[in-house]
Every structure is written in structure tokens, then in C-alpha cells.
Amino acid sequence: MGRRSRGRRLQQQQQQQQQRPGGAEDSAEGGGKRNDAGWEGGYPEIIKENKLFEHYYQELKIVPEGEWDQFMAALREPLPATLRITGYKSHAKEILHCLKNKYFKELEDLEVDGQKVEVPQPLSWYPEELAWHTNLSRKILRKSPQLEKFHQFLVSETESGNISRQEAVSMIPPLLLNAHPHHKILDMCAAPGSKTAQLIEMLHADMRVPFPEGFVIANDVDNKRCYLLVHQAKRLSSPCIMVVNHDASCIPRLQMDVNGRKEILFYDRILCDVPCSGDGTMRKNIDVWKKWTTLNSLQLHGLQLRIATRGAEQLVEGGRMVYSTCSLNPIEDEAVIASLLEKSEGALELADVSSELPGLKWMPGLSQWKVMTKDGQWFAEWDDVPRGRHTQIRPTMFPPRDPEKLQAMHLEHCLRILPHHQNTGGFFVAVLVKKCSMPWNKRPPKPQGESADPRAPLQPSPSDPTVGSTSDPSELEGKTGTSDTEMTERTGNLENNGSKKDGVCGPPPSKKMKLFGFKEDPFVFIPEDDPLFPPIQKFYALDPSFPKMNLLTRTTEGKKRQLYMVSKELRNVLLNNSERMKVINTGIKVWCRNNSGEEFDCAFRLAQEGIYTLYPFINSRIITVSIEDVKILLTQENPFFRKLSSETYSQAKDMAKGSVVLKYEPDPTKPDTLRCPIVLCGWRGKASIRTFVPKNERLHYLRMMGLEVSAEKKKDGAAQMDESTASPVPPDGEAAAEPGAEQPASPGASTSSDPAGAGPPR
């Protein structure tokens, strides 16, 4: 719209306001004032009524007798805000302590707009008080001056990955997955990523282990939502997460190299949180009231069943798969589970998880239900459905006919969470355990590392698998009677000696899969004899056990600007599957090239993102600092040595200029001080030391030490250099320098302008 058009439109609006009763003054005073049509000048208010919805669920009896009014009343109330403290970082307990003893205490006896603020309460069923809910809406949190500090705390801690704003029922599936650090996990429909974050936390249950044996492959069909997923995962700085972009219903089989032989990758845990009609989310997505119809469920049922089937195929024997929806509809819930159990012929069974989350209230799954069309016509059996409806209604939507078969399924082991029981959204969860191979895969997979016949090892020489009509493992698998072990052999034999460069994992060929959205840069592993690594190893005195083979970059040409790191298992997955999967992101940044770094014997400085993974391997350039030193380093832009403690000064004075590790260890004799270790990246200048820490992480550490940085203060001093952290990050992550707070020192500058030098080259 041009300037003149905008001017004319503004003039018309002013004239209309003056013509209204009460004139412009009335309009300005109640800009959001309601009238019979809803909001003035806006959309009419959505009425929280849907007769078809009520008729449908009353007929299906999903709500216990006598509770219908409470159920509907709860659906019409706004959803309480919930937050989860990330459990894998060593700072989780400190954040919890800070929340309970500072912010929650300030909310006691507080009133906002005449309404008493309820102090947040822990979710009774979530372990270790790491999840909380409150009646504070987002609007109140943003607008109330009394809550400004609490709101700033939530925003900052969310950005730094220490708190996750997540709906309560959404936290249930990862808990029931019961994942451990050695598990290979697939999240089939992962975006926006809050459940994925929980799974990453479970991998890193022991923070002393930098590289857990397990990993998470997080998939989503929507390319744009994959980048939202990357943002969520990046906050947790794990080398064990890979984000991929596929249709979950036909996600490709992956391979891993096991003792020189390629074997199909089967997952120990699979999270199958499928797309759904979302009628359990009415409390936050009020559009559902107006748009709800049974047609949504009928259209989604087939896709949900295909995704669940694909997940079951890729699950290892003895593995656990959680199927979940935010829908209350049995067509999307029990019907999918019953159909999957029936076609598995005993390979899958429902697990009884009733005792796994004490304190959680739930209703058992239904064993009988009917199907209703969008115009209100009911069908109790498939035989009743007229031929003209067969494209819309499928036989898998009905309960099994055989009563014995139905009873053996134990559908009562499914969990349905109703909104009025614990003031949550509506949700459905089922936990499946795989007993044996699916019937269309005759023989079970061999345990990894064992060979039942004397076939020669298959050499890992990945090349374009698109040659021939059955080149993809997912295509092979679809053929009836093809066993898992046969697939392993045949997919291995399909590999030929192509011209693919060693260690380079690019996107899949365009003829196999059309790439949408951003074109991803390749993942290039650093060769063992690369001259780039010895200076780094010498400068930081890296331990001989450091897994240098896991280092990668995102460019095949020119200078390597940033080095990333993945776990050994993810390296295996990347090298053996680059042609059949589209990887959006993996690895954490551990080193960044410093323009003038060559002057200090090492061209690369440490990156805060990967410091907790890297620190256990570093034996040099470590400065132990006190709690007072940490406060100075985080609040002053470039403090001189003399401002720090004598112990810190004595360590730093003889050290060569360049990147350093600043380590704080809690003092057990001082229980009132910060009780968790801190590792920071820094730069030792001519006569000063500075930290390279992103703004939100800096504020996080200061809060944990009892210091509050107000919005006004952030404009000066240490926080001024952090403002550039708000700039957008390119999707591939390669061109992005560290956040503004992490620009390295200029070696040639005077001590007063030590950090003003050039950062990593773009």
C-alpha cells in the first residue's frame, strides 16, 4: 500500500470515528471496547459453543457420568500457563531454588487488576518439582509492572534453554517413553520441539558424560517448522541431536556401520506424536470451537495409522513406542491403536503404564465407539456403511468385531486426559512394546555385531542409491515377506564404488527427493591428517582420548570458519545415510576461527555453545576463578587483571594471549553461594580478560548469583555489547558468527579496546 492510500484510509477512519456516538474520544478510551458485533473494528468474538461437538462426545461417553458440566466449563476456561525447568543441566536445581525462594515469594499476596495472583504450584506427577503451573495469563505477565521482573526472568531463561514454556499434557509422552542415555530415539513428528527437548535432557541425565551413547533423530515433514525445531534443540547444546525433514509415514530406513558391516538402524524408543484434529486444545486454540467437525478426524485417521505403522516397523524388539494426540476422538486414538495391534498379529502389545506417573489423573481407553459423519449420521459397524461413503469411512475406524480379540488388546491401558480433572488440555497417550518382528518382516533382526552366516563384510562406500527400482530400503521393506536381515544384505549390496568424497555428507540427489526451502550446506568431517587440527590440539593440550574424527565443518571449499562436533553414533549415521535422508541440522559449535588467531599459535577460539562438551578434554588454558571474579567478568566488559582476585591474576599473568576457559567450582564450605559449577569461554588480552557469553546466558549466571540486571542497566556497560544477539541466525548456521557478546579480542588493540577486534570471518 502506497503513502497516499494509507493517508486516505487514515482520513476515512478518523471521519468514521467522529460520526459514531461518543466520537473519537469514546473510541480512543475504549479502543478494545466490545459491542454486539464483538471487538470494534476487529473480528467478532468467538462463541465457545458447538452443539455437534457436545452431541458427539456425550454419545461416545468419554466423560464419566455426572461430570459433563465440569468438562464443558473447563474447556471454556483459558489454559493455565505452565513451565518446565530443563532437567539435564547442572543448573536445574539452582533455577528451582531461585524460582521458589525469590520470584514465587514476591508473588505472594500480590493483586493485579483486582485479581489475587496465585503462587505457581508444582505439577504433582512431574518428577523432582521440575514443572509448574500458574493462573497468570501471558497478557497479565506482559502488562503488569509488578510482574515485570518475573516476566523478564521467564523470557531470558527460556531463551538460554533453562526453562521451557510447555503445556502440561505435552510433557507426558517423553516421560512415558522412559528413555535412557544409551537409547537410540526417533521423534517422528517433532516440531515445534518441546518434547524433543525433554528427550535430549534424558540423554544427558549424567552431565559428567559429554557424549552419551544414544542420540535423538528429530523429524518433521514441514521444512519451515524444522528450523523452529533446530532453534529449540540448539538451546540445549547437545552433540547427540539430528534434525531431519521427511514425511513421517514413509521416513526412510537408515543404516549404521557395525564392525565393517552395514546393518539396519532400529530405534530403542520412538515418539509418535501424530498430526491430529486438536480438539483437546480448545482452551488455547479457540478457533477449534468454530471449526470442529468429525470430518477432520475421518480425514486424519489414515495418515495417523500409516505413521504409527512406520514407527512400529523401525522399532527394535523389546523397544517402546509412545503414540499420542491432542485429540479426544477415538477415531484418532483407540481406532488407530486397535488397527495397529490387529495388523501386528501379536508383534505389538499395549503396556500398562498406570503406575508410572503417580499423581496423574486419567481415564482408561474405550473398547466400544461409533463413527459419525459430518452431518451427524452414525455407524456402529463397517457393514452398515453405504458404498458411497467408503472413501470417507474406512474399516480400520471401527472396533474389532471379535470380542476375544478386542479383550486381548487391553485398550483400557490407553490413557485419556480430560481437561477438568487437573486443569489441563485434553490428551491421549498409548504405550506400545514390540515383542517380535512385524509379520511382513518374517525374520527378526540379528543383534548388532553378530553374524549368523559367513557373508563377507559389506564395505561402507555410500553412493547414489537411486539406481534401480528397489534401491531405497523403505521400498524393499514394503514388499511382503522381505525380512529385516534380507533388507540389511540387499541395501548393503546396492552400494557401489561411486565418486563420493570420503567424509562429505551432502543433501540427497534432486531426482530422489525435491528439496524445498533452504538448500543445506554439506556436513564435511575433518580428515584425520588435516593440518588444521594439530595446532588446536597443542594450544589447548587436548586429551589423547579426544574424538577428533567427530569434528565437522559445513563447507567443502575455502577456509573452515567454524568447527562443529557430533557424537560417534551420529557420525556413523551421517556417513552411511547422507544420500537417503535430508539433514537440516546436527552438531554443536565448539571452535570459531579468529581473524588474528594465527598470531597466537591457534587460529580457533572456543565457542560457549559447546564448552560443556569440550571442557573435559581440555588440559591447558584453564583459569580457575572465584565467585567474585565471575561477577566481575559478567558485569564488566573488559576488566583488568588487577580487578580480579590474586589467585586468578597469578594464573593469567604468565599465560599467552588468546582463548581461555574460565572455571568456577562451588565451595562446599560456603553453602549460601552458587552451588553448581560454571564453565565460561574467555579471551586473555594484553592486561585484561573478557568473557564470550551470549546475553541470556550471562543474565542467567548473574541471577543464579543473586544479581538482577534491570532493563535500564542493560543499555550500558557489559550488556551493551550483547544487543547484537537479537539478529537473526541463518538457517544453516555456517555463516553465523557467535552472538554479539562473543566477539573476540583484537590482539593489536590497547587494553581499553581489547575486545573490539574482528570476530570470526563471515
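Residues numbered from 1 in each chain as written. Predicted model: local features only at pLDDT ≥ 70, side-chain atom pairs only at ≥ 80, totals over all residues. Heavy atoms only, no water.

Under an unreviewed UniProt entry, the name given to the chain is RNA cytosine C(5)-methyltransferase NSUN2 isoform X2, and the organism recorded is Camelus bactrianus.

Quick word on the overall build of the chain
In plain terms, the rule: For the purposes of this entry, the term helix denotes a DSSP run of H or I that reaches at least four residues, the term strand denotes a run of E that reaches at least two, and both are numbered from the N terminus. Relative accessibility decides the category of a residue: with a 1.4 Å probe and only protein chains considered, values under 20% of the type maximum give buried, values over 50% give exposed, and everything between is partly exposed. Where accessible areas are quoted, they stem from the Shrake-Rupley method and a 1.4 Å probe; at the residue level, only the protein chains shown are allowed to cover.
For the chain, the helix and strand inventory stands at 24 helices and 32 strands. Here the chain holds 762 residues, and the buried ones make up 54% of them. Summing over all exposed atoms, the chain offers an accessible surface of approximately 34000 Å²; the carbon and sulfur share of this is 50%.

Some details on unusual backbone geometry
With an omega dihedral of 5°, the bond running from A191 to P192 counts as a cis peptide bond. Inspection of the secondary structure puts P192 in the loop between strand 9 (184-187) and helix 9 (194-203). Backbone geometry at K61 places phi at a positive 60°, although glycine is not the residue there. Within the fold, K61 resides in the loop between helix 3 (51-60) and helix 4 (68-76).

Considering helix 12 (residues 294-313)
Note the threshold: Multiply 1.5 Å by the residue count of a helix minus one, and that product is the helix's expected span. Two axes are fitted around each residue, one to the seven residues ending there and one to the seven starting there, and the angle between them is reported as the bend at that residue.
Taking 1.5 Å of rise per residue, the 20 residues of helix 12 would be expected to cover 28 Å, and the 29 Å separating its terminal C-alpha atoms lies within 8% of that figure. Of all bends in helix 12, the biggest is about 35°, found at L300. Most of helix 12 sits inside the fold, with 15 of its 20 residues counted as buried.

Digging into the packing of aromatic side chains
Inclusion rule: In this scheme Phe, Tyr and Trp rings, the latter by its six-membered ring, pair at centre separations within 6.5 Å, and the angle between planes marks the pair as stacked below 30 degrees, edge-to-face above 60, and tilted otherwise. Should the NZ of a Lys or the CZ of an Arg lie within 6 Å of a ring centre and within 35 degrees of the ring normal, that charge is described as sitting over the ring.
Tallied over the full model, the rule gives 21 aromatic pairs. Between the aromatic rings of F53 and Y57, the centroid separation amounts to 4.9 Å while the plane-to-plane angle is 70°, which identifies the pairing as edge-to-face. With a gap of 4 residues between them, F53 and Y57 both fall in helix 3, about one helical turn apart. Side by side, F53 and Y57 carry an identical accessibility label, which is buried. A connected cluster of aromatic rings, assembled from ring pairs, spans F211, F533, F539, Y540, F546, W591 and F617. Lying across the ring of F525, R571 places its NZ or CZ 5.0 Å from the centre. Sitting over the ring of F692, R605 keeps its end group 4.8 Å from the ring centre.

Topic: the sheet that holds strand 31 (residues 678-684)
Convention followed: Strand pairing is assigned whenever DSSP detects at least two bridges linking the two strands. Every axis in this analysis is a line fitted to C-alpha atoms, fitted for helices over the stretch in contact. Angles between the N-to-C directions lie between 0 and 180 degrees.
The strand order across the open sheet formed by 4 strands is 29-30-31-32, and the pairing between neighbours is mixed. Either end of the sheet is taken by a strand with one partner, and the two such strands are strand 29 (622-624) and strand 32 (689-691). Within the sheet, the average angular offset between the axes of one strand and its neighbour, ignoring direction, is 40°. The pairing of strand 31 with strand 32 spans 3 bridges and is classified as antiparallel. Bridging from a neighbouring strand, R684 pairs with I689 of strand 32.

With respect to the pattern of salt bridges
The condition is simple: Every case where a carboxyl oxygen of Asp or Glu lies within 4 Å of a side-chain nitrogen of Lys or Arg is listed as a salt bridge.
Tallied over the entire structure, the rule returns 26 salt bridges. Linking R675 and E94 is a salt bridge whose minimum nitrogen-to-oxygen distance equals 3.3 Å. Of this pair, R675 sits in the loop between strand 30 (658-664) and strand 31 while E94 sits in helix 5 (residues 92-107), and the two are 581 residues apart along the sequence. What makes R675 partly exposed here is its relative accessible area of 46%. We note a salt bridge from D287 to K291, for which the minimum N-O separation is 3.7 Å. Note that D287 and K291 are positioned in helix 11 (residues 287-291) at a spacing of 4 residues, about one turn of the helix. Overlapping salt bridges bring together E49, K51, E54 and R76 as one network.

Remarks on the sheet that holds strand 3 (residues 81-85)
Strands belonging to one sheet form pairs held by backbone hydrogen bonds; the direction of such a pair is parallel or antiparallel. In spatial order, the strands read 6-7-3-8; together these 4 strands make up an open sheet with antiparallel pairing. Only two strands of the sheet have a single neighbouring strand rather than two, namely strand 6 (121-122) and strand 8 (163-165). Note that strand 6 and strand 7 (residues 131-134) share 2 bridges and pair antiparallel. Across the sheet, the residue bridging to Q121 is H133, located in strand 7.

Here we look at the environment of I286
Going by this rule: Working rule for contacts: check all heavy atoms of both residues, and any pair within 4.5 Å makes them a contact.
Along the chain, I286 turns up in the loop between strand 14 (267-273) and helix 11. For I286, a relative accessible area of 34% gives the class partly exposed. Not counting residues up to four positions away in its chain, the partners in contact with I286 are I46 and K48.

Describing the nonpolar core
Note the following rule: What makes a nonpolar core is a set of buried Ala, Val, Leu, Ile, Met, Phe, Trp, Tyr and Cys residues whose side-chain atoms join them at distances within 4.5 Å.
The biggest cluster of nonpolar side chains holds 170 residues, and the ones touching the most others in it are L99, F150, I217 and I337. In this view, I217 contacts I185, L186, D187, M242, V244, L254, L265, Y267 and V573; residues no more than four positions away in its chain are not counted. If you look at the next biggest cluster of nonpolar residues, it comprises 27 residues, including L551, L563, C602 and I618.

A few points about the pairing of strand 27 (residues 588-593)
Strand 27 sits mainly inside the fold: 6 of its 6 residues count as buried. Relative to strand 28 (residues 604-606), strand 27 runs antiparallel, the two sharing 3 bridges. Bridge pairing in strand 28 links W591 to L606.

Quick notes on the pairing of strand 3
Counted residue by residue, strand 3 has 5 buried out of 5 residues, so it is predominantly covered. Across the two faces of strand 3 the burial is the same, with A81, L83 and I85 and T82 and R84 all buried. Pairing of strand 3 with strand 8, which is carried by 3 bridges, proceeds in the antiparallel orientation. Looking at the pairing, L83 lines up with R165 of strand 8.

With respect to the environment of F53
On the basis of relative accessibility, which here comes to 0%, the residue F53 falls in the buried class. Distance in space between the C-alpha atoms of F53 and T294 is 8.3 Å, their sequence separation being 241 residues. Those residues within four positions of F53 in sequence are excluded, and the remaining contacts are F71, M72, L75, D279, M282 and W292.

Topic: the side chain of S567
Note on placement: S567 falls in the loop between strand 25 (562-565) and helix 19 (568-577). Among all residues touching S567, those that are not within four sequence positions of it are F211, P212, P239, C240 and N550.

Re the packing of helix 21 (residues 627-635) against helix 23 (residues 695-704)
In a pair of packed helices, the angle between the axes and the distance between the axes together describe the arrangement. To keep things clear, this is the line we draw: It is the rotation of the near helix from the far one that decides the hand of a crossing: anticlockwise by less than a right angle makes it left-handed, clockwise makes it right-handed. Classification used: nonpolar for Ala, Val, Leu, Ile, Met, Phe, Trp, Tyr, Cys and Pro, charged for Asp, Glu, Lys and Arg, polar for all others including Gly.
Here helix 21 crosses helix 23 at 145°, and the two axes come no closer than 10 Å. Of the two elements, helix 21 crosses helix 23, and the hand of that crossing is left-handed. Across the interface between the two elements, K631, L633, L634 and T635 from helix 21 touch R698, Y701 and L702 from helix 23. Here the residues of the contact of helix 21 with helix 23 sort into 4 nonpolar, 1 polar and 2 charged.

Structural notes on empty space enclosed by the protein
To keep things clear, this is the line we draw: Think of a 1 Å grid over the protein atoms and nothing else: a 1.4 Å probe that fits but is trapped marks a cavity, an open set flanked by protein within 12 Å on at least five of seven lines marks a pocket, and residues with an atom within 4 Å of a point count as lining. Grid points are joined across faces, edges and corners, and a volume is the space filled by probe spheres set on the points.
Scanning the entire structure with this criterion turns up 8 cavities of 30 Å³ or more. Empty space within the largest cavity amounts to approximately 90 Å³. Together, V230, A233, K234, S237, S238, I241, V243, N585, T586, G587, I588 and E609 line the largest cavity. Only helix 10 (223-234), strand 11 (241-244) and strand 26 (583-586) provide two or more residues apiece to the lining of the largest cavity. When residues of the lining of the largest cavity are assigned to their parent elements, the largest contribution, 3 residues, is made by helix 10. When the residues that make up the lining of the largest cavity are grouped by side-chain class, the tally is 5 nonpolar, 5 polar and 2 charged.

A look at helix 9
Counting buried positions over the 10 residues of helix 9 gives 10, a clear majority of the element. Regarding helix 9, the residues found buried are S194, K195, T196, A197, Q198, L199, I200, E201, M202 and L203.

Description of the side chain of T424
With respect to the helices and strands, T424 occurs in the loop between helix 15 (419-422) and strand 21 (427-434). Residues contacting T424, with those up to four places away along its chain left out, are L79, A168, V169, R283, I417, L418 and P419.

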